[in-house]
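For reference, the chains in residue letters:
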Number of protein chains: 2
Amino acid sequence: MARRTEGKSGCSVESALAVIGGRWKGVVLYWLSTRTLRFGELRRLLPNCTQRMLTLQLRELEQDGLVKRTVYAEVPPRVEYELTPFGRSLVPILLGLKEWGERYRRRLP
Amino acid sequence: MARRTEGKSGCSVESALAVIGGRWKGVVLYWLSTRTLRFGELRRLLPNCTQRMLTLQLRELEQDGLVKRTVYAEVPPRVEYELTPFGRSLVPILLGLKEWGERYRRRLP
DNA sequence: CCCAATGGTTCCTTTTTGGGTACTACCTAC
DNA sequence: GTAGGTAGTACCCAAAAAGGAACCATTGGG
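Procedures and definitions
- Residues numbered from 1 in each chain as written.
- Chains lettered and ligands numbered in written order.
- Predicted model: local features only at pLDDT ≥ 70, side-chain atom pairs only at ≥ 80, totals over all residues.
- Heavy atoms only, no water.
- pLDDT = per-residue confidence, 0-100.
- Contact = heavy atoms within 4.5 Å.
- Pairing = 2+ DSSP bridges.
- Helix = DSSP H or I, 4+ residues; strand = E, 2+ residues; numbered from the N terminus.
- Axes fitted to C-alpha atoms, helices over the stretch in contact; angles between N-to-C directions.
- Salt bridge = Lys/Arg side-chain N within 4 Å of Asp/Glu carboxyl O.
- Parallel < 35°, antiparallel > 145°, perpendicular 65-115°, else oblique.
- Nonpolar A, V, L, I, M, F, W, Y, C, P; charged D, E, K, R; others polar.
- Least-squares fit on C-alpha atoms with pLDDT ≥ 70 in both.
- Buried area = accessible area lost by both parts, 1.4 Å probe.
- Polar contact = N/O pair within 3.5 Å; in protein donor to acceptor, adjacent residues only side chain to side chain.

## Here's the deal with the confidence of the model for chain A
- Mean pLDDT over chain A stands at 89; residues scoring 70 or higher make up 89%.
- Low pLDDT, under 50, characterises residues 6–10 of chain A; the stretch is placed with six contacts to residues that sit more than four places away or in other chains.

## Re the sheet that holds strand β1 (residues 37–38) of chain B
Residue and element names in this part refer to chain B.
- Ordered in space as β1-β3-β2, the three strands form an open sheet in which the pairing is antiparallel. Each having just a single partner strand, β1 and β2 (67–72) make up the two edges of the open sheet.
- On the sheet, helix α2 (residues 25–34) packs against β1, β2 and β3 (78–83) and is oriented at approximately 90° with respect to β3.

## Details of the pattern of salt bridges
- For the structure shown, the criterion picks out 14 salt bridges over all chains.
- With its nearest N and O atoms 3.0 Å apart, the salt bridge here joins B:R78 to B:E80.
- A salt bridge links B:E102 to B:K98; the shortest N-O distance between them is 3.2 Å. Taken together, the residues B:E102 and B:K98, both in helix α6 (residues 91–103) and four residues apart, mark about one turn of the helix.
- Through salt bridges that share partners, A:E74, A:R78 and A:E80 make up one connected network.

## Some thoughts on the packing of α2(B) against helix α4 (residues 51–63) of chain B
All names here are of chain B.
- As a packed pair, α2 and α4 sit with axes 10 Å apart at the nearest point and diverge in direction by 70°. One way to sum up the angle between α2 and α4 is to call them roughly perpendicular. Every residue of α4 that contacts α2 at K25, V28 and L29 is listed here: L54, Q57, L58, E60 and L61.
- Considered class by class, the residues forming the contact of α2 with α4 number five nonpolar, one polar and two charged.

## Concerning the relation of the copies chain A and chain B
- Mapping chain A onto chain B leaves a residual RMSD of 0.2 Å; the transformation is a rotation of 179° accompanied by 0.1 Å of translation along its axis. Taken together, the rotation angle and the small translation identify this as a two-fold axis.
- Of all interface residues in chain A, 100% are interface residues in chain B too; the two copies therefore contact each other through one and the same surface.

## Focus on the interface of chain A and chain B
- If you look at the interface, chain A gives 41 residues, while chain B gives 41 residues.
- For the pair chain A and chain B, the two sides together bury roughly 3700 Å², of which 70% comes from carbon and sulfur.
- Between A:E14 and B:R23 there is a salt bridge, and its shortest N-O distance comes to 3.0 Å.
- Taken together, chain A and chain B are joined by four residue pairs in polar contact (both at pLDDT 80 or more).
- Broken down by secondary-structure element, the contributors of at least two residues to the side of chain A that touches chain B are α1 (12–20), α2 (25–34) and α6 (91–103) of chain A.
- Across the side of chain A that touches chain B, the residue classes tally to 20 nonpolar, twelve polar and nine charged.

## Some points on the pairing of strand β3 (residues 78–83) of chain A
All names here are of chain A.
- The pairing of strand β1 (residues 37–38) with β3 spans two bridges and is antiparallel. Within β3, the residue paired with R38 across the bridge is E80.
- Pairing analysis gives six bridges linking strand β2 (residues 67–72) to β3, with the strands arranged antiparallel. Bridge pairing in β3 links V67 to L83.

Below, the structure written as structure tokens:
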């Protein structure tokens with residue numbers, strides 16, 4: 001998605017959705033809210049997301065300051081992703097979305 | 001957006017975001033959470049959204065059962081949009097998004 | 001030497017969204 | 001008869017997002 005609101009006109013709901021609205025961002029954020037995860041772990045948690053997409057979404061979340069990426073100089077490489085404090089400020093909303101989605105799953109598309 | 005999760009695999013966060021993730025849906029829902037609105041009123045509230053887009057977003061919200069559309073057989077035509085009970089169940093989350101967006105507006109894209 | 005594991009990147013294609021402009025129907029009021 | 005207001009549609013095009021497949025670097029192990 002990476003929809004960018006133009007600052008002035010975009011209301012705050014738009015801004016918020018611009019940040020979490022990517023195809024896989026909500027799920028990524030949700031899983032990262034449970035614990036720090038490696039790239040490969042995230043891949044396994046999102047089997048329908050291609051590696052490329054996962055990378056892109058993580059990069060955007062990183063740029064938006066929601067996720068911190070830590071590379072360990074090891075072989076094979078190890079990269080860990082975790083929520084920043086800013087990212088954690090979003091967790092209540094994510095949980096809200098999750099509960100709502102669960103409660104109304106049967107009527108959702 | 002109209003992103004459709006395939007049921008089984010899609011987790012509930014995905015499902016929820018699929019419903020509110022359209023370009024203008026968050027804002028439309030937010031305004032409708034304040035009161036019932038006519039088409040023209042929504043247009044004026046979303047000056048950057050074209051008439052066509054507004055129609056499309058409203059149709060999708062209607063199909064997803066979040067918004068109720070009522071046509072009054074008058075001339076000139078009058079069409080009112082309001083949240084269904086299902087749509088209203090989303091309001092707390094929308095308010096959460098709005099607050100979050102406001103609080104962190106300066107660091108958001 | 002060859003393979004495996006990890007965490008990517010590149011290139012190309014398809015699908016999905018979004019947007020612009022013009023046009024409509026209907027009745028009222030002038 | 002003509003203009004105006006409302007709530008749309010139709011058609012076409014551009015941009016963005018998503019997806020698929022293949023490729024890369026590193027190094028430990030056999």
